[in-house]
Amino acid sequence: GIQVEQSPPDLILQEGANSTLRCNFSDSVNNLQWFHQNPWGQLINLFYIPSGTKQNGRLSATTVATERYSLLYISSSQTTDSGVYFCAAPNYGGSQGNLIFGKGTKLSVKP
Amino acid sequence: EAQVTQNPRYLITVTGKKLTVTCSQNMNHEYMSWYRQDPGLGLRQIYYSMNVEVTDKGDVPEGYKVSRKEKRNFPLILESPSPNQTSLYFCASSPRGQGLYEQYFGPGTRLTVT
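Analysis parameters
Residues numbered from 1 in each chain as written. Chains lettered and ligands numbered in written order. Predicted model: local features only at pLDDT ≥ 70, side-chain atom pairs only at ≥ 80, totals over all residues. Heavy atoms only, no water. Helix = DSSP H or I, 4+ residues; strand = E, 2+ residues; numbered from the N terminus. Rg over C-alpha atoms; globule rule 2.2 N^0.38 Å. Buried < 20%, exposed > 50% of the residue type's maximum accessible area, 1.4 Å probe, protein only. Contact = heavy atoms within 4.5 Å. Areas by Shrake-Rupley, 256 points an atom, 1.4 Å probe, with all protein chains shown as cover. Lys, Arg positive; Asp, Glu negative; His and termini not counted. Charge placed at Lys NZ, Arg CZ, Asp CG, Glu CD. Pairing = 2+ DSSP bridges. Buried area = accessible area lost by both parts, 1.4 Å probe. Salt bridge = Lys/Arg side-chain N within 4 Å of Asp/Glu carboxyl O. Polar contact = N/O pair within 3.5 Å; in protein donor to acceptor, adjacent residues only side chain to side chain. Nonpolar A, V, L, I, M, F, W, Y, C, P; charged D, E, K, R; others polar. 1 Å grid on protein atoms, 1.4 Å probe; cavity = no way out; pocket = protein on both sides within 12 Å on 5 of 7 lines; lining within 4 Å. Points joined across faces, edges and corners; volume = space filled by probe spheres on them. Patch = residues over 30% accessible without salt bridge, like charges linked within 9 Å, V, L, I, M, F, W, Y side chains within 5 Å.

**Quick notes on the overall build of chain B**
Each helix and strand in chain B was counted, giving 0 helices and 11 strands. Each helix and strand of chain B, placed in order from N terminus to C terminus, yields the pattern β-β-β-β-β-β-β-β-β-β-β. Whereas a compact globule of 114 residues would reach a radius of gyration of roughly 13 Å, chain B reaches 13 Å, a difference of no more than 12%. In terms of overall dimensions, chain B has a C-alpha envelope of 35 × 30 × 25 Å along the principal axes. Counting across all 114 residues of chain B, residues that qualify as buried make up 50%. Taking contacts inside chain B between residues at least 6 apart in sequence as the whole, the part at least 24 apart equals 54%. When the accessible surface of chain B is summed, it comes to about 5,400 Å², and 50% of that surface belongs to carbon and sulfur atoms. If the 13 positive side-chain charges of chain B are averaged to one point and the 10 negative ones to another, these points end up 5 Å apart.

**Re the pairing of strand β11 (residues 109-113) of chain B**
Regular strands place side chains that alternate from one sheet face to the opposite one. Residues and elements named next belong to chain B. Taking every second residue as pointing to the same face, the buried face of β11 carries T109, L111 and V113, while none of R110 and T112 on the other face is buried. Summarising the sheet, strand β9 (residues 87-94) and β11 pair through 3 bridges and their orientation is antiparallel. Bridge pairing links L88 to R110 in β11.

**What about the interface of chain A and chain B?**
Taken residue by residue, the interface counts 21 residues in chain A and 22 residues in chain B. When the two sides are added together, the surface that chain A and chain B hide from each other amounts to roughly 1,800 Å², 47% of it contributed by carbon and sulfur. Counting the contacts that link chain A with chain B gives 0 salt bridges. The interface formed by chain A and chain B holds 9 residue pairs in polar contact (both at pLDDT 80 or more) in total. If you list the elements that add at least two residues to the side of chain A that touches chain B, you get β4 (33-37), β5 (43-48), β9 (83-90) and β10 (99-101) of chain A. The residue inventory of the side of chain A that touches chain B, partitioned by class, reads 9 nonpolar, 12 polar and no charged.

**Digging into empty space enclosed by the protein**
A full pass over the atoms with the stated rule returns 1 cavity of 30 Å³ or more. Empty space within the largest cavity amounts to approximately 40 Å³. Looking at the lining of the largest cavity residue by residue, the class counts come to 4 nonpolar, 3 polar and 2 charged.

**A look at a nonpolar patch on the surface**
Judged by side-chain polarity, Y92 of chain A together with L100 and Y101 of chain B come together as a nonpolar surface patch covering roughly 240 Å² of accessible area. Examined against the element boundaries, L100 of chain B turns out to sit in the loop between β9 and β10 (104-105). L100 of chain B gets classed as partly exposed once you look at its relative accessible area, which sits at 37%.

**Considerations on the pattern of salt bridges**
Residues and elements named next belong to chain B. On inspection of all chains with the given rule, the structure shows 5 salt bridges over all chains. Note that R96 and E30 form a salt bridge whose closest N and O atoms lie 3.7 Å from each other. With R96 in the loop between β9 and β10 and E30 in the loop between β3 (19-25) and β4 (31-38), this pair connects stretches of sequence that are 66 residues apart. A salt bridge links R36 to D38; the nearest nitrogen and oxygen atoms lie 2.8 Å apart. Residues R36 and D38 agree in their burial class; the two are buried.

Quick look at the structure:
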């Protein structure tokens, strides 16, 4: 099945700094999602981005499907951005349709 | 507001006492599934449903049951919970299955079995 790898595993930023999180995947995908898991455990949908670039406020994401990677950009980081960021891609090969998650990037934004 | 809801959000129970975690979505999605999240193991799918009355095992189905009698609801049943089912559980839905559409996750249910 598909493998999803994220880097870096941990990231510490000062408030106001910018960052780039990377997601590599082993197979072609028609679906790639980014999530933020906040300190309370909730999984928040950030982007559904099988290809191209999307922006939502201070966050943007780019997926280059032909090269099998996606990037999540966080600009002017805030303490509320802290948490774990996951990318996920579907495990094709049947009707199961489950998402395979990377191990995540744990982001800590210091005031 | 389009959303996936789960109840309860937190639950502490004892070994062997049957429990049900409810999941409901208001987006008319055909596909629903359950995941559990454990440290070091990530998120793993427990069961999924392609539509009403169509359910199938995911990667870690042992000790769980599900049903899909209505399109909007997909409850997760633990007939005899054990401590190794202590976990954070997520329900998810998408318009259809096969991983072709965006999946939306509920807020999670933190279960502790003592």
